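Architecture at a glance
This is what each chain is made of:
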2 protein chains.
Amino acid sequence: MDAESIAQVRRFNRTVGERIGVLHDHFLGTDRPVGEARLLWEIGAEGRDVRRLRDRLGLDSGYVSRLLRSLERDGLVTVEPQEHDRRVRTVRLTAAGRKERAVLDERSDELAELILTSLNERQRTRLTAAMAEVDRLLTAGTVSVEELDPAHPDSVACLGAYFDELSERFEEGFDAALSAVPDAGVLGPPHGVFVVARLHGEPVGCGGIHLGGDEPPYIKRMWVAKSARGLGLGRRLLAELEAYAVRSGARSVRLETNGELREAIALYRSAGYEEVPAFNDEYYAHHWFEKPLDG
Amino acid sequence: MDAESIAQVRRFNRTVGERIGVLHDHFLGTDRPVGEARLLWEIGAEGRDVRRLRDRLGLDSGYVSRLLRSLERDGLVTVEPQEHDRRVRTVRLTAAGRKERAVLDERSDELAELILTSLNERQRTRLTAAMAEVDRLLTAGTVSVEELDPAHPDSVACLGAYFDELSERFEEGFDAALSAVPDAGVLGPPHGVFVVARLHGEPVGCGGIHLGGDEPPYIKRMWVAKSARGLGLGRRLLAELEAYAVRSGARSVRLETNGELREAIALYRSAGYEEVPAFNDEYYAHHWFEKPLDG
DNA sequence: TCCATTCTCTGACTTTAGTCAGAGACTTCT
DNA sequence: AGAAGTCTCTGACTAAAGTCAGAGAATGGA
């Protein structure tokens, strides 16, 4: 790693820590300890399971419990057992809690404004653009990719979201039953692998590969959630699947795609895929690609 | 302020807070409470007065005192009365203290590396570029500009640094005695104003304007420290001085500059200054400018 | 010289933030 | 049905972080 990059990151950490970190805690924590405020914020408008809260904030279970008790005493939240599993408890904001949360929300806005007001129009535009870039790239660094059973709830959630998106984007809609690999099962072990990307624990992308005897392996169901686009995640999932193919001794990989999916096509081309004649009769495919693997 | 900018700043605050803030404290605070570590860091290689430390970190005097006592017990710092004012005490790092500080330094590097390693080469370049931009603009937002007596030590420091820089940049050197406004005093009240820019309390830029009877006011001694360039500070100082001219009822302002000072010339042109025939006999001037003020 | 002010320190506190070891209610697996 | 495991909670702690009211030394100005 070159020293100049490291020095730049350090300068950034310092400036941002001073300018935002400090202000942030001061702003949020005026009426209420920071711990409680963070918790209140993290509960969200919909309510959340206690264990999720703990995970998200990385706190001890006893500690969270105590914080919740304190918020409950102040009438800001209610804690009730979940319908289906009465061990798990769900926290929900009361009307007062929502109000308090709205105050935090406002404070966040004020802080943001405070940062922007000292700049002129042009600087402001540049700052927000640069912040968006930093935000995107830092977020990209926290996405994890793991192999998962295609039947795992998170895999199923990804595939569902993918199919929904296809229905929306294809003029004729999308029916999984017409698609050549109707059962996602073949994408999992033993003849393949299915990977899921997570951001803060939430599944935000997936992809699978199937090893088919003498034929080159076949990549399918590549998807990235709208909220996680622009992070280079598609490329990363693709690389993961190709690496698996290489480990399995494959000399090339194949995939096909629909003409509507322009970003995907661009990704495949830029990742070294070449268009080839149709190698299957996938109903929704317009383009067939193959990439040689020299690993 | 538009909502989208605010939303972007908030997203940024959140991501950065999670990714850097949290890691930062964890990294620094492994052997030593965060408070002590921050203090140790802030003392710096040269030593620092206790009250400056307090100011910089925004802490209670009793608290700082206690932290220092703890660091002293561990043999990391020495605290001694200042030469000239024995009420003020100066903290200095011992050899052991410098060693401990070097460890913190290394941790900072490691944290920076950690952030970069999860990215590929291209993303890394983009990230550091964007960070530099954010850093610059956030810093720009904390620079304050105030009117100051030209004889104030900070004004004198700026002018000294300015003259040193001119000596370096002009092939023939620079001698203030040959310059048309030899006494900076005329730039202060009652016939003018002298402004100094500060970043974290340190003077980093200056400029003065002199109202000369029937002639248009005359801007002189505009300077920005190397460490503070790229923040749009020159433009800001200029605007400040022009605003003063407007308040004084002037219809235009004038200035002259040396051909070596290319950034300055570019700034003047882009700020609306037009080159005019020489209106004085400043020894070091090559270009004379005037800008109409319609305020 | 005296008085107001500045600066740092000490003692006596409080509040936050967090850890750890169970206990008890509930689910899931066999 | 019984055992093993999950999830949340309580009690009993500790360490860190910070506040507040003086006390005491030193300084600057009238």
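Residues numbered from 1 in each chain as written. Chains lettered and ligands numbered in written order. Predicted model: local features only at pLDDT ≥ 70, side-chain atom pairs only at ≥ 80, totals over all residues. Heavy atoms only, no water.

Observations regarding the interface of chain B and chain A
Where interface size is given, it is often the accessible area lost as the parts come together that is meant. Threshold: Throughout, a residue-residue contact means that at least one pair of heavy atoms, one from each residue, lies within 4.5 Å. Using a 1.4 Å probe, buried area is obtained as the accessible area two parts lose upon being combined, added over both of them. A pairing counts as a salt bridge when a side-chain nitrogen of Lys or Arg comes within 4 Å of a carboxyl oxygen of Asp or Glu. We define a polar contact as two N or O atoms separated by no more than 3.5 Å, with the added condition that, inside protein, one atom must be a possible hydrogen donor and the other a possible acceptor, whereas residues neighbouring each other in sequence contribute only through side-chain atom pairs. Segments assigned H or I by DSSP are reported as helices when at least four residues long, segments assigned E as strands when at least two residues long, and all are numbered from the N terminus.
Listed per partner, the contact involves 50 residues of chain B and 49 residues of chain A. Where chain B abuts chain A, roughly 4,800 Å² becomes buried across the two surfaces, and 65% of that area is made up of carbon and sulfur atoms. On the chain B side of the interface with chain A, the three residues burying the most area are Met1, Arg10 and Leu138 of chain B, jointly 14% of the side's total. Along the contact surface separating chain B from chain A lie eight salt bridges. Two residues, Arg10 of chain A and Asp109 of chain B, come together in a salt bridge whose shortest N-O distance is 3.1 Å. Counting every contact that joins chain B to chain A gives eleven residue pairs in polar contact (both at pLDDT 80 or more). Only helix 1 (3-28), helix 2 (34-43), helix 5 (95-117) and helix 6 (121-142) of chain B provide two or more residues apiece to the side of chain B that touches chain A. The element that contributes the greatest number of residues to the side of chain B that touches chain A is helix 6 of chain B, accounting for 18 residues.

Overview of the pairing of strand 6 (residues 202-210) of chain B
Residues and elements named next belong to chain B. Our working definition: Any two strands with at least two DSSP-identified bridges between them are counted as paired.
In terms of strand pairing, strand 5 (residues 192-199) meets strand 6 through eight bridges, oriented antiparallel. The residue of strand 6 that forms the bridge with Arg198 is Pro203. Joining the antiparallel neighbours strand 5 and strand 6 is a turn of two residues, in which His200 adopts a positive phi near 50°.

Let's talk about the nonpolar core
Counted only if it meets this: In these notes, a set of buried Ala, Val, Leu, Ile, Met, Phe, Trp, Tyr and Cys residues joined through side-chain atoms within 4.5 Å is what counts as a nonpolar core. Only protein chains enter the accessibility calculation, which uses a 1.4 Å probe; a residue whose area is less than 20% of its type maximum is buried, one above 50% is exposed, and one in between is partly exposed.
One finds Val134 of chain A together with Val134 of chain B to be the most contacted residues of the largest nonpolar core, which totals 79 residues. Looking at this core element by element, the count peaks at seven residues for helix 6 of chain B. Excluding residues that lie within four positions of it along the chain, Val134 of chain B makes contacts with Phe12, Val16, Leu127, Ala130, Met131 and Val134 of chain A together with Phe12 of chain B. The next biggest cluster of nonpolar side chains, apart from the first, holds 47 residues, and it includes Val193, Met222, Ala225 and Leu237 of chain A.

What to know about helix 4 (residues 61-73) of chain B
Residue and element names in this part refer to chain B. Operational definition: Take the residue count of a helix, subtract one, and multiply by 1.5 Å to get its expected span. Starting at the helix axis, one direction is taken to each C-beta atom, and the arc is that of these directions.
Given a rise of 1.5 Å per residue, 13 residues ought to cover 18 Å, and the 18 Å separating the end C-alpha atoms of helix 4 matches this to within 8%. When helix 4 is considered as a whole, its buried residues turn out to be Val64, Leu67, Leu68, Ser70 and Leu71. Angular distribution of buried residues about the axis of helix 4 spans 160°; they occupy a single face of the element. Across from the buried face of helix 4, at angles greater than 90 degrees, the exposed residues are Arg66 and Arg73. Of the residues that open helix 4, the one with a side-chain oxygen 2.8 Å from the backbone nitrogen of Gly62 is Asp60. Phi turns positive one or two residues past the end of helix 4, at Gly75, with a value near 75°.

Comments concerning the relation of the copies chain B and chain A
Filter applied, for reference: Least squares is used to superpose the copies, and the fit set is the C-alpha atoms of residues whose pLDDT is at least 70 in both copies.
Mapping chain B onto chain A calls for a rotation angle of 179° and an axial translation of 0.1 Å; the resulting RMSD is 0.5 Å. Such a turn and shift between the copies fits a two-fold axis. Closest approach to the rotation axis within chain B is made by the C-alpha atom of Ala130 of chain B, at a distance of 2.4 Å. When the interface residues of chain B are mapped onto chain A, 98% of them are again interface residues, pointing to one common binding face.

Description of the sheet that holds strand 3 (residues 89-93) of chain A
All names here are of chain A. Definition in use: For helices, the fitted line uses only the C-alpha atoms of the stretch in contact; every axis is such a line through C-alpha atoms, and the angle between N-to-C directions lies from 0 to 180 degrees.
Within the open sheet, the three strands sit side by side as 1-3-2. Their pairing is antiparallel. Each having just a single partner strand, strand 1 (48-49) and strand 2 (77-81) make up the two edges of the open sheet. As judged from the two bridges shared by strand 1 and strand 3, these two strands associate in the antiparallel manner. Across the sheet, residue Asp49 finds its bridge partner in strand 3, namely Thr90. Its contacts with the sheet place helix 4 (residues 61-73) against strand 2 and strand 3, and it is angled at close to 125° to strand 2.

Some words on the environment of Leu237 of chain B
Residue and element names in this part refer to chain B. Along the polypeptide, Leu237 turns up in helix 8 (residues 233-247). With relative accessibility at 0%, the residue Leu237 sits in the buried group. Between the alpha carbons of Leu237 and Val34 there is a distance of 38 Å; along the sequence they are 203 residues apart. Apart from the residues within four sequence positions on either side, Leu237 is in contact with Val145, Val195, Ala197, Gly205, Cys206, Met222, Trp223 and Val224.

Concerning the domain arrangement of chain A
As a reminder, the rule being used: These domain boundaries are the output of an automatic or database domain assignment.
Considered domain by domain, chain A is made up of domain 1 (3-118) and domain 2 (144-292). For domain 1 of chain A versus domain 2 of chain A, the distance between C-alpha centres works out to 36 Å.

Observations regarding the protein's contact with DNA strand D
For the record, the criterion: Here a residue is considered near a molecule or strand provided that any single heavy atom belonging to it is located within 4 Å of it. Gly is put with the polar residues, along with every residue not named as nonpolar or charged; the nonpolar set is Ala, Val, Leu, Ile, Met, Phe, Trp, Tyr, Cys and Pro, and the charged set is Asp, Glu, Lys and Arg.
Around DNA strand D lies a shell of 23 residues, among which Arg51, Arg66, Arg69 and Arg89 of chain A together with Tyr63 of chain B are the nearest. For DNA strand D, the backbone portion of the atoms within 4 Å of the protein, that is sugar and phosphate, comes to 63%. Contact between DNA strand D and Arg54 of chain A: a phosphate oxygen at 2.9 Å from a side-chain N or O atom of the residue. At 3.4 Å from a phosphate oxygen of DNA strand D is found a main-chain nitrogen or oxygen belonging to Gly35 of chain B. Within the residue set of the surface near DNA strand D, elements represented by two or more residues are helix 3 (50-57) and helix 4 of chain A together with helix 2 and helix 4 of chain B. For the surface near DNA strand D, the per-class residue count stands at seven nonpolar, five polar and eleven charged.

Things to note about the protein's contact with DNA strand C
Taken together, 22 residues surround DNA strand C, and among them Tyr63 of chain A together with Arg51, Arg54, Arg66 and Arg89 of chain B come closest. Put simply, 66% of the atoms of DNA strand C that lie within 4 Å of the protein are in sugar or phosphate. Between DNA strand C and Arg51 of chain B, the relevant distance is 2.2 Å, taken from a phosphate oxygen to a side-chain nitrogen or oxygen of the residue. Within the side chain of Ser65 of chain B, an N or O atom sits 3.3 Å from a sugar or linking oxygen of DNA strand C.

Things to note about the packing of aromatic side chains
Residues and elements named next belong to chain A. Counted only if it meets this: Think of it this way: a Phe, Tyr or Trp ring, Trp meaning its six-membered ring, pairs with another when their centres are within 6.5 Å, and the plane angle makes it stacked under 30 degrees, edge-to-face over 60, tilted otherwise.
Summed over all chains, the structure comprises 19 aromatic pairs over all chains. A ring pair is formed by Tyr268 and Phe289, whose centres lie 6.0 Å apart and whose planes are at 55°; its orientation type is tilted. Separated by 21 residues along the polypeptide, Tyr268 in helix 9 (residues 262-270) and Phe289 in strand 10 (residues 287-292) bring together distant segments of the chain. For the ring pair Tyr283 and Tyr284, a centre distance of 4.8 Å and an interplane angle of 90° mean the geometry is edge-to-face.

Description of helix 8 of chain B
Residues and elements named next belong to chain B. When the terminal C-alpha atoms of helix 8 are compared, their 21 Å separation across 15 residues agrees well with the 21 Å that a helix rising 1.5 Å per residue should span. Where helix 8 is concerned, the buried positions are Leu233, Gly234, Leu237, Leu238, Leu241, Glu242, Tyr244 and Ala245. One or two positions beyond helix 8, positive phi appears at Gly249, with a value near 85°.

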